[in-house]
Amino acid sequence: MRTPIPSVYVQGLGSYAPSRILANEELASIVDTSDEWIITRSGIRERHIAAPDETGADMAAKAAQAALADAHISPEDIDLLIVATVSDDTPVPSVACRVHSKIGLKSGVPAFDITAACSGFIYLLQIANHMLRAGDYRRALVIATEKLSRITDWTDRSTCVLFGDAAGAAVLAKCDIPHAGILGNVLGADGTKGDLLAVNPRNAPAPVFPAALPSGTHTIAMNGREVFKNAVRVMSQACRSVLAKCATDPAQLALIIPHQANIRIIEAISDELKIPLSRFKINLDRYGNTSAASIPLALDEAYRAGEIKEGDLVLLVAFGGGFTWGASLIRWQKNPEKTTPAL
Ligand code: UT7
């Protein structure tokens, strides 16, 4: 008899955003911009900014604790930890190792960071999915955390109005039922377009806002128009690819959670795929672009607001610097034993 192929499902979700809110009006007092321009061109109204002494690892630990509570498990139940980030200032120890200690994982549980910019969470899902299904691990904690305020150039109005700080986490668990939870993933990258969105070293000390924020030695630089065009094309294509791979029709989707970069990008993808905008989760108005954290933050918000119910098909899609991209199709199941449809 053949052994059934196991599945990996989302057992718990959590997210965290710092309490300090920076509204468009306040930004207009430090760069030449306006609330009206930012809302019209991006859809963003405000973003959250971490405290000067609050690190990406601190935010990650809070999101992780919320995900563990949601999964009704304790840190001892986790046997793999992976973190996605582009904004940390300490390469070693990794953010994952610092979170390992902060939340008290068992000694010996492997922990490492990955870098895939705004596509980081989709990369995490794919890596953990394969590591769990290969059989060595039963439960993974994956976390995306970004303190983008640390690497923002607060004198560049074309970028500083876009970004915010946040973290999102998921507990992924293996179950022995086929075709549950994560149904399929696609990932991609194109290194030839790396210069269009990069975190570059600065020749002078980075300007900071508010003044008390620690400054980074690298800051974000972006060709917004080119990134915009590529984001629409590549995210639409990634959605089509993962739906084809899973033999799923767009009409079957309950919710699409796109990377939250710009409302006009999401509207263009909605037009391109002929899926009504009402089926796209949008929270960028309140958080801005939080890079890798944007998808788990929006997914957690949708889940806690009851916008996703057991058995729903949810499509996650991201695009970011690198370029990198990815999409995941998930059957939303907290109880796969009870709710996996018969084939
Ligand atoms: O997370 C990874 C993915 N990231 C993205 O997907 C971001 C993609 N890009 C975008 O979202 C948009 O390109 C932006 C929101 C960044 C910019 O919107 P846009 O419609 O592409 O504006 P633009 O760059 O073409 O600039 C239009 C005008 C320019 O002035 P001129 O040359 O027409 O006189 C800019 O200087 O708007 C000016 N501008 C601003 N004006 C007021 C640029 N930034 C601002 C600002 N406030 N903050």
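Residues numbered from 1 in each chain as written. Predicted model: local features only at pLDDT ≥ 70, side-chain atom pairs only at ≥ 80, totals over all residues. Heavy atoms only, no water.

Concerning the side chain of Asp153
Formally: Counting from the N terminus, the helices are DSSP H or I runs at least four residues long and the strands are E runs at least two residues long. Each residue is assigned to one of three classes by its accessible area relative to the maximum for its type, calculated with a 1.4 Å probe on protein chains only: buried under 20%, partly exposed between the two thresholds, exposed over 50%. For the purposes of these results, a polar contact is taken to be a pair of N or O atoms within 3.5 Å, where, inside protein, one atom must be able to donate a hydrogen and its partner to accept one; residues adjacent in sequence count only when each atom of the pair is a side-chain atom.
Considering the arrangement of structural elements, one finds Asp153 in the loop between strand 6 (139-147) and helix 6 (157-160). On the basis of relative accessibility, which here comes to 11%, the residue Asp153 falls in the buried class. Only 2.6 Å separates the side chain of Asp153 from the side chain of Thr155, close enough to count as a polar contact.

Observations concerning the packing of aromatic side chains
Spelled out, the test is: Here is the rule: rings of Phe, Tyr and Trp (six-membered ring for Trp) pair when centre to centre is within 6.5 Å. Planes less than 30 degrees apart are stacked, more than 60 are edge-to-face, and the remainder are tilted.
On inspection of all chains with the given rule, the structure shows two aromatic pairs. Between the aromatic rings of Tyr303 and Trp332, the centroid separation amounts to 5.2 Å while the plane-to-plane angle is 50 degrees, which identifies the pairing as tilted. One end of the pair, Tyr303, is in helix 10 (residues 294-304); the other, Trp332, is in the loop between strand 13 (324-331) and helix 11 (336-339), and 29 residues separate them in sequence. For the residue pair Tyr303 and Trp332, the accessibility class agrees, reading buried in each case.

Topic: the sheet that holds strand 11 (residues 255-258)
We apply this condition: When DSSP finds two or more bridges between a pair of strands, those strands are recorded as paired. Here an angle of 0 to 180 degrees is reported between the N-to-C directions of two axes, which are lines fitted to C-alpha atoms, with helices fitted over the stretch in contact. Whether two residues are in contact is decided by their heavy atoms: any pair within 4.5 Å suffices.
Read across the open sheet, the four strands follow the order 8-13-12-11; overall the sheet is mixed. At either margin of the open sheet sits one strand with a lone partner, and together these are strand 8 (182-189) and strand 11. Ignoring which end each strand starts from, the neighbouring axes of this sheet average 10 degrees apart. Where helix 5 (residues 120-133) meets the sheet, it contacts strand 8, strand 12 (313-320) and strand 13, and its direction lies at approximately 120 degrees from that of strand 8. The sheet contacts of helix 7 (residues 224-245) involve strand 8, strand 11, strand 12 and strand 13, and relative to strand 12 the element is tilted by about 145 degrees.

Regarding the pairing of strand 7 (residues 165-175)
The buried fraction of strand 7 amounts to eleven of the eleven residues, a majority that puts the element mostly inside the structure. Side chains Asp165, Ala167, Ala169, Val171, Ala173 and Cys175 project from strand 7 onto one buried face, and the interleaved Ala166, Gly168, Ala170, Leu172 and Lys174 project onto a second face that is buried too. Bridge count between strand 1 (residues 7-16) and strand 7: nine bridges; the pairing is antiparallel. Bridged to Leu13 within strand 7 is Ala170. Two elements, strand 6 and strand 7, share nine bridges in a ladder whose sense is antiparallel. What sits directly across from Ile143, in strand 7, is Ala169.

Thoughts on helix 3 (residues 56-71)
Applicable threshold: Take the residue count of a helix, subtract one, and multiply by 1.5 Å to get its expected span.
In this model, helix 3 (16 residues) spans 22 Å end to end at C-alpha, consistent with the 22 Å of a helix rising 1.5 Å per residue. In terms of burial, helix 3 is a largely internal element, twelve of the 16 residues being buried. Among the structural elements, strand 1, helix 4 (95-103), strand 6, strand 7 and helix 10 are those in contact with the buried residues of helix 3. Positive phi appears at His72, one or two residues downstream of helix 3, with a value of about 55 degrees.

So, the packing of helix 3 against helix 4
Heads up, the rule is: Here the angle decides the label: under 35 degrees means roughly parallel, over 145 means roughly antiparallel, 65 to 115 means roughly perpendicular, and every other value means oblique. Note on convention: the crossing is left-handed when the near helix lies turned anticlockwise from the far helix by less than a right angle, right-handed when the turn is clockwise. In the scheme used here, Gly and all other residues not listed as nonpolar or charged are polar, with Ala, Val, Leu, Ile, Met, Phe, Trp, Tyr, Cys and Pro taken as nonpolar and Asp, Glu, Lys and Arg as charged.
Packing of helix 3 against helix 4 leaves a shortest axis separation of 9 Å and a crossing angle of 55 degrees. As far as their axial angle goes, helix 4 and helix 3 are oblique. The interaxial crossing formed by helix 3 with helix 4 has right-handed handedness. Packed against helix 3, whose contacting residues are Ala57, Asp58, Ala60, Ala61, Ala64, Gln65 and Leu68, the element helix 4 presents Val95, Arg98, Val99, Lys102 and Ile103 at the interface. Residue classes in the contact of helix 3 with helix 4 are distributed as eight nonpolar, one polar and three charged.

Description of the layout of surface pockets
Test applied: Cavity and pocket criteria rest on a 1 Å grid covering protein atoms alone: a 1.4 Å probe that fits but cannot get out defines a cavity, protein on both sides within 12 Å along at least 5 of 7 lines defines an open pocket, and an atom within 4 Å of a point defines a lining residue. Grid points are joined across faces, edges and corners, and a volume is the space filled by probe spheres set on the points.
The computed volume of the largest pocket comes to approximately 1,000 Å³. Considering the residues around the largest pocket, the lining is formed by 44 residues, among which Thr159, Leu162, Phe163, Leu197 and Met222 are closest to the centre. Going through the elements one at a time, helix 2 (35-42), helix 6, strand 9 (197-201), strand 10 (218-222), helix 7, helix 8 (263-273) and strand 12 are the ones with two or more residues in the lining of the largest pocket. In terms of residue count, helix 7 provides more of the lining of the largest pocket than any other element does, six residues in total. Split into classes, the residues belonging to the lining of the largest pocket amount to 21 nonpolar, 16 polar and seven charged.

Here's the deal with the sheet that holds strand 6
The strand order across the open sheet formed by five strands is 1-7-6-4-5, and the pairing between neighbours is mixed. On the outer flanks of this sheet lie strand 1 and strand 5 (111-114), each paired with one strand and no other. Strand after strand, the sheet turns through a mean of 20 degrees between neighbouring axes, direction not considered. In terms of strand pairing, strand 4 (residues 80-84) meets strand 6 through five bridges, oriented parallel. If you follow Leu81 over to strand 6, its bridge partner there is Leu141. Sitting on the sheet, helix 4 is in contact with strand 4, strand 5 and strand 6, with an inclination near 140 degrees to strand 5. Strand contacts of helix 10: strand 1, strand 6 and strand 7, with the helix running at about 95 degrees to strand 1, the strand carrying the most contacts.

Points about the site of the ligand
Heads up, the rule is: The cutoff for a nearby residue is simple: one of its non-hydrogen atoms must lie within 4 Å of the molecule or strand. Values of accessible area rely on a 1.4 Å probe in the Shrake-Rupley scheme; residue burial ignores everything except the protein chains shown. A pocket or cavity is taken to hold a molecule when more than half of that molecule's atoms are within 2 Å of the pocket's grid points.
With respect to spatial proximity, 22 residues lie near the ligand, and among them Thr33, Arg41, Arg225, Asn262 and Asn289 are the closest. Between a nitrogen atom of the ligand and a side-chain N or O atom of Thr33, the distance comes to 2.7 Å. Arg264 is positioned with one of its side-chain polar atoms (N or O) 2.9 Å from an oxygen atom of the ligand. Compared with its free state, where it exposes 950 Å², the ligand has 75% of that area covered by protein. Applying the majority rule of atoms within 2 Å of the grid points places the ligand in the largest pocket. Elements that contribute at least two residues to the shell around the ligand include exactly helix 2, helix 6, helix 7 and helix 8. Among the elements that take part in the shell around the ligand, helix 7 stands out by supplying four residues, more than any other. When grouped by side-chain class, the residues that make up the shell around the ligand number eleven nonpolar, six polar and five charged.

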